[in-house]
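A structural walkthrough
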Amino acid sequence: MVKSATIPTHVGIIMDGNGRWAKKRLLPRVMGHREGVKTVKKITEFAAKIGIRYLSLFAFSTENWLRPQDEVSTLMDLLDEYIESEVELILSQGIKFVVSGDLGRIRESTRKKLNNLIEISRNNSGMVLNLALNYGGRDELIHAVKLIIDDYSKGLLSKDDIEKKFSLYLYNAEIPDIDLLIRTSGEIRISNFMLWRIAYSELYFTKVLWPDFNEDNFRDAIADYNKRIRRFGKTDEQIIGK
Ligand code: IPE
Ligand code: IPE
Ligand code: MG
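Residues numbered from 1 in each chain as written. Chains lettered and ligands numbered in written order. Predicted model: local features only at pLDDT ≥ 70, side-chain atom pairs only at ≥ 80, totals over all residues. Heavy atoms only, no water.

Observations concerning the nonpolar core
Ranked by size, the top nonpolar core spans 43 residues in total, and within it Ile 13, Phe 97, Leu 133, Ile 182 and Phe 218 carry the most contacts. Discounting residues that sit within four places of it in the chain, Ile 13 has contacts with Ile 43, Leu 55, Ser 56, Leu 57, Phe 58, Leu 181, Ile 182, Phe 193, Trp 210 and Phe 218. (Core = buried A, V, L, I, M, F, W, Y, C linked by side-chain atoms within 4.5 Å. Buried < 20%, exposed > 50% of the residue type's maximum accessible area, 1.4 Å probe, protein only. Contact = heavy atoms within 4.5 Å.)

Considering helix α2 (residues 29-50)
Between its terminal C-alpha atoms α2 stretches 31 Å, which fits the 32 Å expected from 22 residues at 1.5 Å a residue. Looking at the buried side of α2, the elements it contacts are β1 (10-14), α1 (18-24), β2 (54-61), α3 (69-92), β4 (128-135) and α7 (215-227). One or two residues past the end of α2 sits Gly 51, with phi positive at roughly 95°. (Helix = DSSP H or I, 4+ residues; strand = E, 2+ residues; numbered from the N terminus. Expected span 1.5 Å × (residues − 1).)

Some thoughts on the pairing of strand β5 (residues 180-183)
Burial of β5 is two-sided: the residues Leu 180 and Ile 182 facing one way and the residues Leu 181 and Arg 183 facing the other way are all buried. Note that β1 and β5 share 4 bridges and pair parallel. Note on β5: the bridge partner recorded for Gly 12 is Leu 181. Looking at chain direction, β5 and strand β6 (residues 202-205) are connected through 4 bridges and run parallel. Opposite Arg 183, over in β6, you have Phe 205 as the bridge partner. (Pairing = 2+ DSSP bridges.)

Some points on the site of ligand 1
Near ligand 1, the surroundings consist of Met 15, Asp 16, Gly 17, Asn 18, Gly 19, Arg 20, Arg 29, His 33, Ala 59, Asn 64, Arg 67 and Leu 75. Asn 18 is positioned such that a nitrogen or oxygen atom in its backbone is 3.1 Å from an oxygen atom of ligand 1. In the environment of ligand 1, an oxygen atom lies 2.9 Å from a nitrogen or oxygen atom belonging to the backbone of Gly 19. Burial of ligand 1 by the protein amounts to 87% of the accessible area it has alone, namely 380 Å². Looking at the shell around ligand 1, the elements with two or more residues in it are α1 and α2. Its residues placed into classes, the shell around ligand 1 shows 3 nonpolar, 5 polar and 4 charged. (Near = heavy atom within 4 Å. Polar contact = N/O pair within 3.5 Å; in protein donor to acceptor, adjacent residues only side chain to side chain. Areas by Shrake-Rupley, 256 points an atom, 1.4 Å probe, with all protein chains shown as cover. Nonpolar A, V, L, I, M, F, W, Y, C, P; charged D, E, K, R; others polar.)

Thoughts on the site of ligand 2
Close to ligand 2 lie Ile 14, Met 15, Asp 16, Phe 58, Ala 59, Phe 60, Asn 64, Arg 67, Arg 183, Arg 189 and Ser 191. Arg 183 places a side-chain nitrogen or oxygen 3.3 Å from an oxygen atom of ligand 2. One of the side-chain N or O atoms of Arg 189 is found 2.7 Å from an oxygen atom in ligand 2. Across the complex, the protein chains shield 77% of the 390 Å² of accessible surface that ligand 2 would expose by itself. Per-element tally for the shell around ligand 2: the top contributor is β2, with 3 residues. Looking at the shell around ligand 2, its residues break down into 5 nonpolar, 2 polar and 4 charged.

Focus: α7
Here α7 is 13 residues long and its end C-alpha atoms lie 19 Å apart, about the 18 Å a rise of 1.5 Å per residue gives. Taken as a whole, α7 has its buried residues at Asn 217, Phe 218, Ala 221, Ile 222 and Tyr 225. One side of α7 carries all its buried residues, which in axial view fall inside an arc of 140°. Where α7 is buried, its residues contact β1, α2, β5 and β6. Capping the start of α7 is the job of one residue whose side-chain oxygen sits 3.1 Å from the backbone nitrogen of Asp 216: Asn 214. (Arc of directions from axis to C-beta.)

Looking at a nonpolar patch on the surface
On the surface, Ile 229, Ile 239 and Ile 240 cluster together into a nonpolar patch covering about 250 Å² of accessible area. One can find Ile 239 in helix α8 (residues 236-240). A relative accessible area of 34% means that Ile 239 is categorised as partly exposed. (Patch = residues over 30% accessible without salt bridge, like charges linked within 9 Å, V, L, I, M, F, W, Y side chains within 5 Å. Salt bridge = Lys/Arg side-chain N within 4 Å of Asp/Glu carboxyl O.)

Here's the deal with the environment of Asn 123
Turning to its location among the elements, Asn 123 is positioned in the loop between α4 (108-120) and β4. Here Asn 123 falls in the exposed class, since its relative accessible area comes to 75%. Sequence spacing of Asn 123 and Gly 94 is 29 residues, and the spatial spacing of their C-alpha atoms is 8.7 Å.

What follows is the structure, given as structure tokens:
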């Protein structure tokens, strides 16, 4: 990565491939998830270090409940462990921890831990770490529409304002659109992640499995991002001049 590289403001990562990482090693899937948590920690620290302002990590989707019961409960146990072991890094780096998703379905003991971490890091001014948990892009949009209907019926929002104000009804409204979306493991799909905020994201797909994803892979993604011309509908000439 060249020194003058533009660091994307908001990076989203679909952390995929834990199961295949384990399978390749003839290990149970849970071992892949354990290894994946280590990657989460390393990548979070690295992202904060290089000056990324918002990092959104897809940890558990609204569709992941369909996995075998024992895998789901192991993932929730790992989430507990993760929160406990990550507090120190989050506080020492001044990271602000937030969650996107419907926490209603997350067990109470875990929800309390999450809310505690959100609370104690609330005033931090460093990177925002946005963990997408029981998150679905469609779920987020429907949740937003319901809030809009409430405000509209109370006369707090007019029809004409909806386009301008829609994003204020998303989870963690202060988080901007995603600049760079990374997906590991070779799958080339979105899997219901951040549908509103990826409208104009640069997409980067790598075959590297999430437990193997490292700083160099992250640098490669940012270097690739730096080669893109983000036109937002305009022409090259308008963006970079003649
Ligand atoms: C991503 O790894 C982690 C979660 C979705 C929770 P996977 O568990 O999806 O790994 P693969 O896709 O089976 O390899
Ligand atoms: C997407 O990965 C969700 C997370 C990374 C948490 P999946 O492995 O669940 O996605 P699909 O089902 O292969 O599309
Ligand atoms: Mg997967």
